[in-house]
Amino acid sequence: MKRLRRIVDRAVVMGLLSCACGSRPAIAAGTQTATVESRTITVRIDRRFDKVYEFLVDPANWNQWAFGLGRNVRRSQDGWIADSGGGVARVEFTARNSFGVVDHTVIRRSGQRVYIPMRLIANGSGCELLFTLFREPNISDARFASDAGFVERDLNGLKRLLEK
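Engineer: I would appreciate a short explanation of the overall build of the protein in the present structure.
Structural biologist: Counting secondary structure elements, the protein contains three helices and eight strands. Traced from its N-terminal end to its C-terminal end, the protein shows the element sequence α-β-α-β-β-β-β-β-β-β-α. Counting all 164 residues of the protein, 46% fall into the buried class. Across the protein, the fraction of contacts at a sequence separation of at least 24, relative to all contacts at a separation of at least 6, is 63%. Accessible surface, the protein as shown: approximately 8900 Å² in total, 50% of it carbon and sulfur.

Spelled out as structure tokens, the structure:
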């Protein structure tokens, strides 16, 4: 049970959500003292950009493919929330835009804000989704690699879902 809880917590940290609501970056100016390691995970999706973007901007759709996130992504009185092993996490989303930006911020129960940049870009008749994972302080190499693996699995799940 503890292992499952850690897995769900990690998925929430990765913040595999996106929709069309207002947001600001989670790594606020002055809160991060140094540049941190990051990894960008990319998945190519053989479906038109506009169709994929419309799917991504509806947070209810995330329950279909972001299995590491937790359960019950839903709108609350104050915005979007998701159940996780660490409790309920709030999620703020970048406003709908024409650039394919689907950034979001996960706000943990502790108040810690985790910024997740995501970009959807056109690629011929399909598109690519780029997810940047920032390495949090005190995270081991193994944990960072594991977190990246969770992101990759969920993005591949999104690809399979949208290419049906």
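Resuming the write-up.
Engineer: Can you walk me through the sheet that holds strand β8 (residues 126–134) in this structure?
Structural biologist: Sheets are built from strands paired through backbone hydrogen bonds, the pairs being either parallel or antiparallel. Reading across from one edge, β1-β8-β7 is the order of the three strands in this open sheet, with antiparallel pairing throughout. Looking at the sheet topology across the chains shown, the edges are occupied by β1 (38–45) and β7 (118–123). Mean inter-strand twist for the sheet, computed between neighbouring axes without regard to direction, equals 20°. Strand direction decides the pairing type here: β1 and β8, joined by eight bridges, are antiparallel. Across the sheet, residue Arg44 finds its bridge partner in β8, namely Glu128. Packed on one face of the sheet, helix α2 (residues 49–56) meets β1, β7 and β8 and runs near 160° to β7. Contacts from helix α3 (residues 141–162) reach β1 and β8 within the one sheet, and its direction differs from that of β1 by about 15°.

Engineer: Looking at this structure, how should I read the packing of aromatic side chains?
Structural biologist: When we look at a pair of aromatic rings, we describe it by the centre distance and by the angle of the planes. One pass over the structure, following the stated rule, counts four aromatic pairs. With a centroid separation of 6.2 Å and 5° between ring planes, the pair formed by Phe49 and Tyr53 is classed as stacked. Highlighted residues: Phe49 and Tyr53, both in helix α2, separated by four residues, approximately one helical turn. Owing to a relative accessible area of 24%, Phe49 belongs among the partly exposed residues under this scheme.

Engineer: What is the right way to read the nonpolar core from this model?
Structural biologist: The nonpolar side chains of soluble globular proteins are, as a tendency, buried together. One finds Leu56, Trp65, Leu129, Leu155 and Leu158 to be the most contacted residues of the largest nonpolar core, which totals 27 residues. Those elements that place two or more of their residues in this core are β1, α2, β6 (113–116), β7, β8 and α3. Setting aside anything within four residues of it in sequence, one finds Leu129 in contact with Ile41, Thr42, Val43, Leu56, Val102, Met118, Arg119, Leu120, Leu155 and Leu158.

Engineer: Please clarify how the pattern of salt bridges should be interpreted in this entry.
Structural biologist: Oppositely charged side chains may form a pair once their charged atoms are brought near each other. Scanning the model with the defined rule gives twelve salt bridges in all. One salt bridge connects Glu92 with Arg90, and the closest N-O pair in it is separated by 4.0 Å. Since its relative accessible area comes to 16%, Glu92 is described here as buried. Where salt bridges share partners, they join Glu37, Arg135 and Asp141 into one cluster.

Engineer: Looking at this structure, I do not really get the environment of Ile121. What am I missing?
Structural biologist: Within the secondary structure, Ile121 is located in strand β7. Exposure remark for Ile121: the relative accessible area of 40% places this residue in the partly exposed category. Taking C-alpha positions, Ile121 is 9.5 Å from Tyr53, a pair spaced 68 residues apart along the chain. Beyond its immediate chain neighbours, meaning those up to four positions away, Ile121 contacts Phe49, Cys127, Glu128 and Leu130.

Each value, and the rule that gives it
- Residues numbered from 1 in each chain as written.
- Predicted model: local features only at pLDDT ≥ 70, side-chain atom pairs only at ≥ 80, totals over all residues.
- Heavy atoms only, no water.
- Helix = DSSP H or I, 4+ residues; strand = E, 2+ residues; numbered from the N terminus.
- Buried < 20%, exposed > 50% of the residue type's maximum accessible area, 1.4 Å probe, protein only.
- Contact = heavy atoms within 4.5 Å.
- Areas by Shrake-Rupley, 256 points an atom, 1.4 Å probe, with all protein chains shown as cover.
- Pairing = 2+ DSSP bridges.
- Axes fitted to C-alpha atoms, helices over the stretch in contact; angles between N-to-C directions.
- Phe/Tyr/Trp six-rings, centres within 6.5 Å; stacked < 30°, edge-to-face > 60°.
- Core = buried A, V, L, I, M, F, W, Y, C linked by side-chain atoms within 4.5 Å.
- Salt bridge = Lys/Arg side-chain N within 4 Å of Asp/Glu carboxyl O.

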